[in-house]
Amino acid sequence: MKTLQTALVLALACLALHAAAAPASDAVIEELMEVTRSKSLMDGLNAGMEPMMRAMMADAVKNEQLTPAQQRAFDRFPAKFAAVVREEMGWERMKPQMLAIYREVFTQEEVEGQIAFYRSPAGQAVIDKMPQVMQKTMAMSQQQARDLVPRLQAAMKEALAEAKAAE
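No experiment lies behind these values; they were computed from the predicted model shown.

What counts as what
Residues numbered from 1 in each chain as written. Predicted model: local features only at pLDDT ≥ 70, side-chain atom pairs only at ≥ 80, totals over all residues. Heavy atoms only, no water. Phe/Tyr/Trp six-rings, centres within 6.5 Å; stacked < 30°, edge-to-face > 60°. Helix = DSSP H or I, 4+ residues; strand = E, 2+ residues; numbered from the N terminus. Buried < 20%, exposed > 50% of the residue type's maximum accessible area, 1.4 Å probe, protein only. Core = buried A, V, L, I, M, F, W, Y, C linked by side-chain atoms within 4.5 Å. Contact = heavy atoms within 4.5 Å. Expected span 1.5 Å × (residues − 1). Arc of directions from axis to C-beta. Salt bridge = Lys/Arg side-chain N within 4 Å of Asp/Glu carboxyl O. Axes fitted to C-alpha atoms, helices over the stretch in contact; angles between N-to-C directions. Parallel < 35°, antiparallel > 145°, perpendicular 65-115°, else oblique. Nonpolar A, V, L, I, M, F, W, Y, C, P; charged D, E, K, R; others polar. pLDDT = per-residue confidence, 0-100. Polar contact = N/O pair within 3.5 Å; in protein donor to acceptor, adjacent residues only side chain to side chain.

Trainee: I tried to follow the packing of aromatic side chains on my own but got confused; where do I start?
Mentor: Given two aromatic rings, their pairing is described by the distance between the two centres and the angle made by the two planes. Scanning the entire structure with this criterion turns up three aromatic pairs. Ring centres of Phe77 and Phe81 lie 6.0 Å apart, and the angle between their planes is 40°; this geometry places the pair in the tilted category. Of this pair, Phe77 and Phe81 both sit in helix 5 (residues 68-89), separated by four residues, roughly a single helical turn. Residue classification places Phe81 among the partly exposed positions, given a relative accessible area of 26%.

Trainee: Help me understand the nonpolar core in this model?
Mentor: Here is a general trend for soluble globular proteins: nonpolar side chains tend to be buried in one another's company. Counting twelve residues, the largest nonpolar core consists of Ala24, Val28, Ile29, Leu32, Met33, Val35, Met42, Trp91, Met94, Leu99, Val111 and Ile115. Looking at this core, the elements with two or more residues in it are helix 2 (26-35), helix 6 (91-105) and helix 7 (108-119). When residues in this core are grouped by element, the largest group, five residues, is from helix 2. With residues up to four places along the chain from it excluded, the contact list for Ala24 reads Ile29, Arg103, Phe106, Thr107, Gln108 and Val111.

Trainee: Where do I start with helix 4 (residues 49-60) in this structure?
Mentor: A turn of α-helix holds 3.6 residues, and therefore any two residues three or four places apart point the same way. Helix length check: helix 4, at twelve residues, gives a terminal C-alpha distance of 16 Å against a target of 16 Å (1.5 Å per residue), a fit within 8%. Considered for burial, the residues of helix 4 that qualify are Met49, Met52, Met53 and Met57. Around the axis of helix 4, the buried residues are gathered within 130° of arc, so they sit on the same side. Looking at the buried side of helix 4, the elements it contacts are helix 3 (38-47), helix 5 and helix 8 (121-166).

Trainee: Would you mind showing me how to read the pattern of salt bridges here?
Mentor: Side chains carrying opposite charge are able to pair once their charged atoms draw close together. Per the counting criterion, the structure on display carries seven salt bridges. Across the salt bridge formed by Lys95 and Glu30, the nearest N and O atoms sit 3.8 Å from each other. Highlighted residues: Lys95 in helix 6 and Glu30 in helix 2, separated in sequence by 65 residues. Lys95 gets classed as partly exposed once you look at its relative accessible area, which sits at 26%. The exposure class of Glu30 is partly exposed, given its relative accessible area of 34%. The closest approach of N and O atoms between Asp43 and Lys39, which form a salt bridge, is 2.8 Å. Taken together, the residues span about one helical turn, with Asp43 and Lys39 both in helix 3 at a distance of four residues.

Trainee: Is there a simple way to think about the packing of helix 7 against helix 8 in this case?
Mentor: Two packed helices can be described by the angle between their axes and the distance between those axes. Interhelical geometry of helix 7 versus helix 8 gives an angle of 85° and a closest axis separation of 4 Å. When the interaxial angle is binned, helix 7 and helix 8 end up roughly perpendicular. When helix 7 is examined against helix 8, the residues Phe117, Tyr118 and Arg119 are found in contact with a partner set consisting of Pro121, Ala122, Gly123, Gln124, Val126 and Ile127. By residue class, the composition of the contact of helix 7 with helix 8 is six nonpolar, two polar and one charged.

Trainee: Got a minute to help me understand the environment of Val126 in this structure?
Mentor: Within the secondary structure, Val126 is located in helix 8. Ignoring any residue separated from it by four or fewer positions in sequence, one finds Val126 in contact with Phe117 and Tyr118.

Trainee: It is not clear to me how the confidence of the model for the protein should be interpreted in this structure. Could you clarify?
Mentor: Close inspection of predicted coordinates is inappropriate in any region flagged by low pLDDT. On average, residues of the protein score 84 in pLDDT, and 88% of them are at 70 or above. Here residues 14-19 is modelled with pLDDT under 50, and outside its nearest four sequence neighbours on either side it reaches zero contacts, counting other chains as well.

Trainee: Help me understand the side chain of Ser38 in this model?
Mentor: Tracing the sequence through the fold places Ser38 in helix 3. Relative accessible area serves as the criterion here: at 18%, Ser38 is assigned to the buried category. Among the polar contacts listed, one links the side chain of Ser38 to the side chain of Thr36, at a separation of 2.8 Å. Contact partners of Ser38, with chain neighbours within four places excluded, come to Met33 and Trp91.

In structure tokens:
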């Protein structure tokens, strides 16, 4: 009986501790977003979308002969793509979703700790250098994707050949 009482007390204590970890308020989350310059980071990502799409598309058709009409249509696509991305993933649309995610994942204390870090010199360096990190990561990912596509195509071709042979 004593063990059951002890277990019950421990369970209630754990619940009380969990309840004490208040979810982050919108005000403190918005302060974090301001300190980390989240809006300008998102705007920068969206601004880089059109050049990135142009480079990817140019690479995709580098061995193709396009007619002038096809080339004009092809040249218009990156701007259309970027406009859709800006509309769907612009800050105004993303901010409410980001607030909800941060509210769900972080406690008030954790967000306040992040704010303290990002206000420090090391935190400011992270904020200042993150666009470079993201740009280099995107370039690396694009190169890996270019290397991966031929291998995936070969694997698909092999799988199709094996499937036909099995018939």
